[in-house]
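# Structural description and commentary
Chain by chain, the residues:
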Amino acid sequence: MPYSSLLADVIKIADEAGEKVLRIYQSDFKVSYKQDESPITAADIASHEIIVKGLRSLSRDIPILSEEGAPADWKERKQWRRFWLVDPIDGTKEFTQRSGEFTVNIALIEDGEPVMGVVTAPALKEAFWGVKGEGAHKRDRIGQIHRIRVSEPQATKRVVASKNHMNDETRTFIKALGAHKTIQAGSSLKFCRIAEGHADIYPRMGPTSEWDTAAAHAVLLAAGGNVHTLEGQPLQYGKEDVLNPYFIAAGNWYF
């Protein structure tokens, strides 16, 4: 499949969802909670509906798995060689805290690998995208598009982390890196900061789901980086359990 032929349409869908999300973000929205006590707002639902409608009109033969959609049975999902993996809003805590560090995420998965990803940060007016074998790009606040690539780290490693997800395991890993400085970032933007060369490594020793990481993972791969489990295996998608194992995202220097 020529992934790049779909890219412009996927960016357009993500932008449309992001515009709706931003309007709700700027309003007096209410916060509800799911059974797992994670927050959800009208913006999550609105973004989901726009993305699913757009992707179905773009490619009716490719199934869609979204965090806010009805769960598909494993007997069905295990037959999917290719599927869309969507997080309508990653960083709902950042959304509710009004930090601006939340994202809209659309990924295309093929044979367990994220081969195309689009990440938009509506409140920051930034967007990132990457296609396997074709590189990664960023659209900045003034609409200019730049090709991005991971950087070679200096002696002092730039570790990207989130204050909402710091724990003892993560602190131990970071300390073992030696000289470092910590860069705060929310949601899937942590991957994107590495992809654009503004950070070097993101250790995640805590729970995430496949839709949380897939789109930004694709961007990082296209920018020359990698995402591996603690055992050194590439992070995979389309598993029976949608929870990710612990992982480390970094430029190509780490693995």
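Described in the following lines is the structure provided in the data block. (Residues numbered from 1 in each chain as written. Predicted model: local features only at pLDDT ≥ 70, side-chain atom pairs only at ≥ 80, totals over all residues. Heavy atoms only, no water.)

### Focus on empty space enclosed by the protein
Tallied over the full model, the rule gives 1 cavity of 30 Å³ or more. Each pocket or cavity is described by its volume, and for the largest cavity that value is around 60 Å³. Every residue along the wall of the largest cavity is listed here: Ala161, Ser162, His165, Met166, Thr170, Lys190, Tyr202, Pro203, Arg204 and Met205. The dominant element in the lining of the largest cavity, judged by the number of residues it contributes, is strand β12 (residues 201-204), at 3 residues. (1 Å grid on protein atoms, 1.4 Å probe; cavity = no way out; pocket = protein on both sides within 12 Å on 5 of 7 lines; lining within 4 Å. Points joined across faces, edges and corners; volume = space filled by probe spheres on them. Helix = DSSP H or I, 4+ residues; strand = E, 2+ residues; numbered from the N terminus.)

### Describing the layout of surface pockets
In this structure, the largest pocket spans a volume of roughly 700 Å³. Around the largest pocket, the lining comprises 29 residues; the ones closest to its centre are Ser38, Glu67, Asp90, His165 and Asp212. Those elements that place two or more of their residues in the lining of the largest pocket are β4 (82-90), α4 (92-96), α6 (189-195), β12 and α7 (210-222).

### Thoughts on the packing of aromatic side chains
Using the criterion set out here, one finds 11 aromatic pairs in the structure. Between Trp253 and Tyr254 the ring centres are 5.4 Å apart and the planes differ by 85 degrees, which places this aromatic pair in the edge-to-face class. Its relative accessible area of 24% is what places Trp253 among the partly exposed residues. Since its relative accessible area comes to 30%, Tyr254 is described here as partly exposed. Here a set of aromatic residues connected by ring pairs shows up, and it is made of Tyr25, Phe29, Phe95 and Phe102. (Phe/Tyr/Trp six-rings, centres within 6.5 Å; stacked < 30°, edge-to-face > 60°. Buried < 20%, exposed > 50% of the residue type's maximum accessible area, 1.4 Å probe, protein only.)

### Description of the pairing of strand β7 (residues 126-131)
Judged by how many residues are buried, β7 sits mostly within the fold: 6 of 6 residues are covered. Burial of β7 is two-sided: the residues Glu126, Phe128 and Gly130 facing one way and the residues Ala127, Trp129 and Val131 facing the other way are all buried. As judged from the 6 bridges shared by strand β6 (residues 113-121) and β7, these two strands associate in the antiparallel manner. Across the sheet, the residue bridging to Met116 is Val131, located in β7. Linkage of β6 to β7, two consecutive antiparallel strands, is achieved through a turn of 4 residues, within which Lys125 is found at a positive phi near 60 degrees. Alignment of β7 against strand β8 (residues 135-139), held across 5 bridges, turns out to be antiparallel. The residue bridging Trp129 from the neighbouring strand is His137, located in β8. Two successive antiparallel strands, β7 and β8, enclose a turn made up of 3 residues, where Gly133 displays a positive phi of approximately 80 degrees. (Pairing = 2+ DSSP bridges.)

### What about the nonpolar core?
One broad rule of soluble globular proteins: the nonpolar side chains tend to lie buried together. Core analysis: the biggest nonpolar cluster contains 36 residues, and Leu85, Phe191, Ile194 and Leu220 have the highest contact counts within it. The set of elements that each furnish at least two residues to this core consists of β4, β5 (103-110), β6, α6, α7 and β14 (247-250). With sequence-adjacent residues up to four places away left out, Phe191 is seen in contact with Tyr202, Thr213, Ala216, His217, Leu220, Val227, Phe247 and Ala249. Tyr3, Ile11, Ile13 and Val86 belong to the second largest nonpolar core, which has 35 residues in total. (Core = buried A, V, L, I, M, F, W, Y, C linked by side-chain atoms within 4.5 Å. Contact = heavy atoms within 4.5 Å.)

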